[in-house]
Every structure is written in structure tokens, then in C-alpha cells.
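# What the coordinates show
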Amino acid sequence: MNRELLELSAELSRRHQPFLTATVVWARGPSSGKRGSTAVVEPDGTVHGWIGGACAEPVVIREALDAMTDGKPRLLFLGTEADIASVESRPDVTTVPISCTSEGALEVFLEPMLPQPHLVVIGDSPAVHTLVTLAETLDWRVDVVGEDLEIPEVSPATALVVATQGHYDEPAVEAALATEAGYIGLVASRKRAETIVGYLTDRGVDDDQVSRVVAPAGIDLGHIAHDEIGVSIVADLVQRRAVGELRGWPIPTERPHVAIDPVCNMNVEVATARWITEHDGETYYFCAPGCKATFVKAPAQYAGV
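Residues numbered from 1 in each chain as written. Predicted model: local features only at pLDDT ≥ 70, side-chain atom pairs only at ≥ 80, totals over all residues. Heavy atoms only, no water.

### Side note on the pairing of strand E5 (residues 93-97)
Regular strands show a simple pattern: their side chains alternate between the two faces of the sheet. Across five bridges, strand E4 (residues 74-79) lies against E5 in parallel orientation. Bridge pairing in E5 places leucine 75 opposite valine 93. Between E4 and its parallel partner E5, the chain crosses via helix H3 (residues 81-87), and the hand of that crossover is right-handed. (Pairing = 2+ DSSP bridges. Helix = DSSP H or I, 4+ residues; strand = E, 2+ residues; numbered from the N terminus. Right-handed = clockwise from strand over helix to strand, strands pointing away.)

### Quick notes on empty space enclosed by the protein
Empty pockets left among the atoms are what a rolling probe the size of a water molecule brings to light. One pass over the structure, following the stated rule, counts one cavity of 30 Å³ or more. Its boundaries defined by the atoms lining it, the largest cavity holds a volume of some 50 Å³. Residues that form the lining of the largest cavity fall into these classes: six nonpolar, one polar and one charged. (1 Å grid on protein atoms, 1.4 Å probe; cavity = no way out; pocket = protein on both sides within 12 Å on 5 of 7 lines; lining within 4 Å. Points joined across faces, edges and corners; volume = space filled by probe spheres on them. Nonpolar A, V, L, I, M, F, W, Y, C, P; charged D, E, K, R; others polar.)

### Section: the nonpolar core
Considering soluble globular proteins, one finds that nonpolar side chains tend to be buried as a cluster. Ranked by size, the top nonpolar core spans 36 residues in total, and within it Leu20, Leu76, Leu78, Val108 and Cys287 carry the most contacts. Within the residue set of this core, elements represented by two or more residues are strand E1 (19-28), strand E2 (38-41), helix H2 (56-70), E4, strand E6 (105-113), strand E15 (282-286) and helix H9 (289-297). Here this core gets eight residues from one element, more than from any other, and that element is H2. The contact partners of leucine 20, leaving out residues within four places of it in the chain, are Ala39, Val40, Val41, Ala64, Ala67, Met68, Leu110, Glu111, Pro112 and Met113. Judged by nonpolar contacts, the second largest core, of 21 residues, contains Val145, Tyr168, Ile184 and Val213. (Core = buried A, V, L, I, M, F, W, Y, C linked by side-chain atoms within 4.5 Å. Buried < 20%, exposed > 50% of the residue type's maximum accessible area, 1.4 Å probe, protein only. Contact = heavy atoms within 4.5 Å.)

### As for the environment of proline 289
By the secondary structure assignment, proline 289 is in helix H9. For proline 289 and tryptophan 275, which are 14 residues apart along the polypeptide, the C-alpha to C-alpha distance reads 6.1 Å.

### Considerations on unusual backbone geometry
In this chain, alanine 215 is followed by proline 216 through a cis amide linkage whose omega measures -5°. Along the polypeptide, proline 216 turns up in the loop between strand E11 (213-214) and helix H8 (229-242). Backbone geometry at aspartate 139 places phi at a positive 65°, although glycine is not the residue there. The topology assignment puts aspartate 139 in the loop between helix H4 (126-137) and strand E8 (141-145). The phi angle at leucine 149 is positive, at roughly 55°, despite the residue not being glycine. Structurally, leucine 149 is set in the loop between E8 and strand E9 (158-162). With a relative accessible area of 22%, leucine 149 lands in the partly exposed category.

Set out below in C-alpha cells:
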């Protein structure tokens, strides 16, 4: 990885931003990707660096977004159908056939770099101590806030828990609601939580905001000691993360619309396609100018494919 990409990776890590590194670990010419070629991919599909040409890059981006979604690294093999057959015995490899005329092939290692889960706790109590200890054991990033309510920068991936033992719940919850934290939990009895909701309503906080508060916080474990409440909260947050909440970046609900290049059968993202032509009232999209030129010479051979 060159210095520029190393510095970018360090900066994204410092800002707790998710990204992925894609490194070519094997290549067969005449592929434009060479062994050691590296790129950094951001969650919006932005690529920094070089990983390959018109056939390889869209595939790498697509697989990179999937890897950032599930958080799992993977080895990606791109090649012809014959190449794919030769590596089918390797179950740890994700294979993608490419049909570009260069007949090159690549193996690319995709490694997602996701930020640590972020927990902000307001208060000082036995529940807080247990919560912080468990979260740090899980290698979460933890910030503890006192009565000054100086809440650090948070994001929709942040879990924020208010546990002041009733000393300053109301202003703490108000301060929490002023952030974009993805989870706001309140350690309180149901009766006490109802009182706080009434306070917020009287203060003019709208119902949508009030509904963000999870109270009582944590999984219902019955009558438990105060320090054990921290265990129930961590269990709830782990479960929420397991089902896709509180991730380091928003997961797209839809993948980009793609068309099939009628010449080489590669997927082409319609919104960003550069090589397009019309034939008999239908639009065709191509991965590269060579495929478009081949189609234009003999459209009847490929139209409708």
C-alpha cells in the first residue's frame, strides 16, 4: 500500500469511519491489476487507488460493499469460466466469472475495516461500572459523561445510555435526544420512566423524539441487582447489532440497477454506464468501448441476449 493510501486509512480510522482495503494477491496478465495493487473503498463506492480495469473494478466494488455489510473478509477470484472451474475446490474463495477479451484473471483480498461499536454512558452507578467494564472487554469504544453533560461526537451507530440513578435523568435524556445516537436507553423503573416522558412532553418534545427513548433499558431479566442491569443492557445492544442495528454505516436498502452487457455478459451499473447505444428502441449498456463497438458492428447477433 502506498503512503497516500496508508494516510487515508489512518485518517478514516481516526474518524471512526468504515472502509475496506482491496489488495491484489495474484494476477495473470494481461490484467491491468498487478500483484500488490491496492485500493481503499468507502461505503458509498468511492475508490481510492487502483485495483483493476473496467471489468474488475465494478465487481470489486460490489463485493466490497457486501463485505462491509457483513463485516467478513473474503478472497475474491475473477476469471474466465475455465478459471472458475479450476478453483471450485477452494470453498474459502468467492468466484466471479468475467468475460472481458483480455482473458486476465485476479485474486483480490477484501478486508473490511469497521469502527468499534461506540457506547456513551451518562451517570455514575453500579450499573454504569458493569456496563463500562463489559463494553471495554468487548473492545467497544466507551465514553463516560458526568453531570456537565458534555457528550462527545456521536453518530447513528452510537448507543447512548442514561443511568444517573434519578439525580439528573431529565436533562440527561434531553441532551441525549439532541444527538443523532442510534440508541438511547434509560435505566429507570417503568413508573420513573413515565414521569420522565411526561416531563419531556411538557417541555414540548414531540412524540417521535420521545419514542426514541428505550425505557427501561436492557433485556428484561426479571428482578435483578442494580449492577446486573449493566449485563442486561450489553446483552440487548449485542443482540441489536447482530440483527443489523447500530452498524458503523447505513446499509443500502437497494443495490444499484444493473444491466447485462450483451457481448460479454458482464453486469453494468446503469446509472454510471459510459458506453450506451440504442437499437430497435431498446437501450443497451456495455462495460467497455470494445464491447459496444462489437455490438454496433453486428447488433442482430447480440440484440435480445
